[in-house]
Amino acid sequence: MQDIEVIAEPVAAMVAMDPVRARLLAELREPASAAALATRVGLTRQKVNYHLRQLEAHGLVEVAETRVWGGLTERLLVATASGYVVAPRSLGVEKVLARDGNRLSAAYLIALAARVVREVGGLTRRAARANRRLPVFALDTEIRFAGLRDHAAFTEELATAVSKLAAKYHDEPAPDGRWQRLIVAVHPLPRDAE
């Protein structure tokens, strides 16, 4: 089971966002049968089976175990991830990247974040299938500016430092080189942030 799976397909996103199916996904962190789930969520086994088939068809649940009881086969299903994120591209968000290159635009920042979700989500799936580790790096910090002037000076200095660092290590003709994407974002911290 993956920690987080990115749902990139619009139809799969619709399937996962259905309230009944979302509840079933939450219940399936541990393997369970349709009969056991029906008891937990208060639906008939037939309705639960219908929803489980939809989730399975889109790769959101998988068979963990099968048990044979007399002439019947019971399937225990489990969610493919502990949590799911819907890639904003499946909802049309990334189109902003093409039309808005404004580094000071909130819409552009959201579109960049959406692209990170889509790209890293796809790379994570491929790495998991190949049983390989995905080489990534993330940095998260908080800073409090005294005023707008300091904020502007910081962003200018940060842009200059990142440009110098990128220029120092960029080697386009490197035969074994691999392109990497670097995104730096600064945004206000929400009042309810932990």
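The preceding data block contains the structure.
Below is a short write-up of the structure. (Residues numbered from 1 in each chain as written. Predicted model: local features only at pLDDT ≥ 70, side-chain atom pairs only at ≥ 80, totals over all residues. Heavy atoms only, no water.)

Let's shift gears to the overall build of the protein chain. The secondary structure content of the protein chain amounts to seven helices and four strands. Order of helices (α) and strands (β) in the protein chain, N terminus to C terminus: β-α-α-α-α-β-β-β-α-α-α. Computed over the C-alpha atoms, the radius of gyration of the protein chain is 22 Å, more than 25% above the 16 Å expected from 2.2 N^0.38 for a compact globule of 194 residues. Seen along its three principal axes, the alpha-carbon backbone of the protein chain occupies a region of about 70 × 45 × 30 Å. (Helix = DSSP H or I, 4+ residues; strand = E, 2+ residues; numbered from the N terminus. Rg over C-alpha atoms; globule rule 2.2 N^0.38 Å.)

Moving on: the pairing of strand S2 (residues 61–69). When S2 meets strand S3 (residues 72–79), the two strands line up antiparallel, connected through eight bridges. Across the sheet, Val 61 pairs through a bridge with Ala 79, a residue of S3. Adjacent in sequence and paired antiparallel, S2 and S3 are bridged by two residues, among which Gly 70 carries a positive phi angle near 65°. (Pairing = 2+ DSSP bridges.)

A separate point is the environment of Phe 137. Tracing the backbone through its elements, the reader meets Phe 137 in the loop between helix H6 (106–129) and helix H7 (148–169). Among the residues examined, Phe 137 registers a relative accessible area of 71% and is labelled exposed. Counting along the chain gives 110 residues from Phe 137 to Glu 27, while the straight-line C-alpha distance between them is 32 Å. (Buried < 20%, exposed > 50% of the residue type's maximum accessible area, 1.4 Å probe, protein only.)

Here the focus is the packing of aromatic side chains. Counting across every chain of the model gives one aromatic pair. For the pair Phe 145 and Phe 154, a centre-to-centre distance of 5.2 Å together with 55° between the ring planes defines the contact as tilted. (Phe/Tyr/Trp six-rings, centres within 6.5 Å; stacked < 30°, edge-to-face > 60°.)

Membership of the largest hydrophobic core comes to 20 residues, with the highest contact counts inside it found for Val 48, Leu 52 and Leu 55. When sequence neighbours within four positions are dropped, the list of residues in contact with Leu 52 reads Leu 24, Leu 28, Ala 34, Leu 37, Val 61 and Leu 77. (Core = buried A, V, L, I, M, F, W, Y, C linked by side-chain atoms within 4.5 Å. Contact = heavy atoms within 4.5 Å.)

Here the focus is a positive patch on the surface. Together, Arg 126, Arg 129, Arg 132 and Arg 178 make up a positively charged patch on the protein surface. Along the chain, Arg 178 turns up in the segment after H7. The class of Arg 178 is exposed, set by a relative accessible area of 59%. (Patch = residues over 30% accessible without salt bridge, like charges linked within 9 Å, V, L, I, M, F, W, Y side chains within 5 Å. Areas by Shrake-Rupley, 256 points an atom, 1.4 Å probe, with all protein chains shown as cover. Salt bridge = Lys/Arg side-chain N within 4 Å of Asp/Glu carboxyl O. Lys, Arg positive; Asp, Glu negative; His and termini not counted. Charge placed at Lys NZ, Arg CZ, Asp CG, Glu CD.)

Our focus in this paragraph is the side chain of Arg 21. Its place among the elements puts Arg 21 in helix H2 (residues 19–27). For the buried Arg 21, no salt bridge is present, and the opposite-charge side chain at shortest range is Asp 18, 4.3 Å distant. Not counting residues within four places of it along the chain, the set of residues in contact with Arg 21 comprises Val 15, Ala 16, Tyr 50, His 51, Gln 54 and Leu 55.

On to H6. Relative to the 34 Å expected for 24 residues at 1.5 Å per residue, H6 spans 35 Å between its end C-alpha atoms, a close match to the ideal helical length. All of the buried residues along H6 are Tyr 108, Ala 111, Leu 112, Ala 114, Arg 115, Gly 121, Gly 122 and Ala 127. Just downstream of H6, Asn 131 is the residue with a positive phi angle, here 55°. (Expected span 1.5 Å × (residues − 1).)

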